[in-house]
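Here's the letter readout for the chains.
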Amino acid sequence: MQKQSLLGLTLAELQALVKELGMPSFSAGQIASWLYVKRVTSIDEMTNLSLKSRSLLKERFDVGAAAPVDAMRSVDGTVKYLYGVGENHFVESVYIPDDDRATLCVSSQVGCKMHCKFCMTGKQGFSMNLTAGQIINQIVSLPECERLTNVVMMGMGEPLDNWDAVQKALEIMTAPYGFAWSPKRITLSTVGLRKNLRRFLLETDCHLAVSLHSPLPQQRAGLMPAEKAFSIVDLVDELRNYDFSKQRRLSFEYILFKGVNDSMAHAKELLKLLRGLDCRVNLIRFHAIPGVDLEGCSMEAMTTFRDYLTSHGLFTTIRASRGEDIFAACGMLSTAKMEEKGRI
Ligand code: SF4
């Protein structure tokens, strides 16, 4: 019988589990500490649990930690890790070290249902949701785990399309019994799935990044079919009801495609759309992907676009391009691996 994973269980779930197994109630906190603070990889290492409790746990569970199965290193220090999940499925996490910070881009699904035109994961189609344990494992089994300062839920998949697992993973990252990280260290990126966006905003204090990519609804729908169900105009209107002036940050991701969304007319529409909202825009350089007729802009064009927005009061940055030599575009490595295994 396949054992279940302890990793990914919240404190409430561990409390229910120890009760069911007849273990002392304080064992739940002890197990959480072994999993999320000491980050052990086997139940035998949980030495403050009695031998009987450990053996009861081992009948049905293991820790569920699994090291990456592959890694690609960039000359700039970025590392793309590949984790096996389920049977012959793979997800990527990208570790991005910088001077005084180190960020991990974490995946939430194998594949994605959103079919964004510019994304390799979108081209894979959807295979499965990750469990909270498989999301947390990308962090605890990361060789550089102790150096991490930030997590961005921007890897493979749409996190709000797998909200229950993502919500649990965010709880484990921020709760005192878990990693006890400040929510300011975590950013969730979404195309804007409305119902779960509300839950994310109400139930967490993590930063929000919205994939925008065009201020023109019709054009955005061509780049991101999700626009048809989740209009960016309605989304921005709704975001006006929340307070982003304090600790929580709101940003809009904008990949600049040459000759598509990089004109001054687009910049003006962007200003109009986001007027009065406490937010910033991150301009992202496009990494070309096979079979997609989109090209990235020159750095000069990106700078002109940024300067126009900034000079009109919209705080705009150009995100540094990292790991270009290892195809940092999300989904490339896992697509190759799953093709090799005959999964796609
Ligand atoms: S960009 Fe994000 S939401 Fe769009 S297809 Fe790729 S993984 Fe899914």
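Computed from a prediction, not measured in an experiment: that's the story for all the values here.

1. Overview of the pairing of strand β6 (residues 102-105)
Then, number 1: The alternating pattern of β6 places Ala-102 and Leu-104 on one face and Thr-103 and Cys-105 on the opposite face, and all of these are buried.
Then, number 2: As judged from the four bridges shared by strand β5 (residues 89-97) and β6, these two strands associate in the antiparallel manner. Residue Ile-96 lies in a different strand from β6, and its bridge partner there is Thr-103.
Then, number 3: Here three bridges tie β6 to strand β9 (residues 150-153), and the two strands are oriented parallel to one another. Opposite Thr-103, over in β9, you have Asn-150 as the bridge partner.

2. Brief notes about the domain arrangement of the chain
Then, number 1: Domain boundaries assigned for the chain yield domain 1 (4-62) and domain 2 (70-340).
Then, number 2: Contact residues are listed per partner, giving eleven residues for domain 1 and 13 residues for domain 2.
Then, number 3: Across the interface of domain 1 and domain 2, roughly 1000 Å² is buried in total on both sides, 68% from carbon and sulfur atoms.
Then, number 4: Interface area lost by domain 1 to domain 2 is led by Leu-7, Tyr-36 and Arg-39, which between them contribute 53%.
Then, number 5: Counting across the domain 1 and domain 2 interface gives two salt bridges.
Then, number 6: The partner of Glu-146 in a salt bridge is Arg-39, with the nearest N and O atoms 3.7 Å apart.
Then, number 7: If you look at where domain 1 meets domain 2, you find two residue pairs in polar contact (both at pLDDT 80 or more).
Then, number 8: When residues of the side of domain 1 that touches domain 2 are traced back to their parent elements, those giving at least two are α1 (11-21) and α2 (27-37).
Then, number 9: Looking at which element gives the most residues to the side of domain 1 that touches domain 2, the answer is α2, with four residues.
Then, number 10: Residue composition of the side of domain 1 that touches domain 2, grouped by class: seven nonpolar, two polar and two charged.

Procedures and definitions
In this numbering scheme, every chain counts its residues from 1 along its sequence in written order. In keeping with the model being predicted, local features are shown solely for residues with a pLDDT of at least 70 and side-chain atom pairs are shown and tallied solely at 80 or more, while totals for entire chains, interfaces and linings include all residues. Based on all heavy atoms of the structure, the side-chain values leave hydrogens and waters out of the count. Only protein chains enter the area calculation, which uses a 1.4 Å probe; residues under 20% of their type maximum are buried, those over 50% are exposed, and those in between are partly exposed. Strands here are runs of E lasting at least two residues and helices are runs of H or I lasting at least four, both read from the DSSP assignment and numbered beginning at the N terminus. Being paired, for any two strands, means DSSP has found at least two bridges between them. Marked domain ranges trace back to an automatic or database domain assignment. For this analysis, residues touch if any pair of their heavy atoms sits within 4.5 Å. Take the accessible area each of two parts loses on contact, using a 1.4 Å probe, and add the two losses: that sum is the buried area. Definition used for salt bridges: Asp or Glu carboxyl oxygen within 4 Å of a side-chain nitrogen of Lys or Arg. We define a polar contact as two N or O atoms separated by no more than 3.5 Å, with the added condition that, inside protein, one atom must be a possible hydrogen donor and the other a possible acceptor, whereas residues neighbouring each other in sequence contribute only through side-chain atom pairs. In this classification, Asp, Glu, Lys and Arg are treated as charged, Ala, Val, Leu, Ile, Met, Phe, Trp, Tyr, Cys and Pro as nonpolar, and every other residue, Gly included, as polar.

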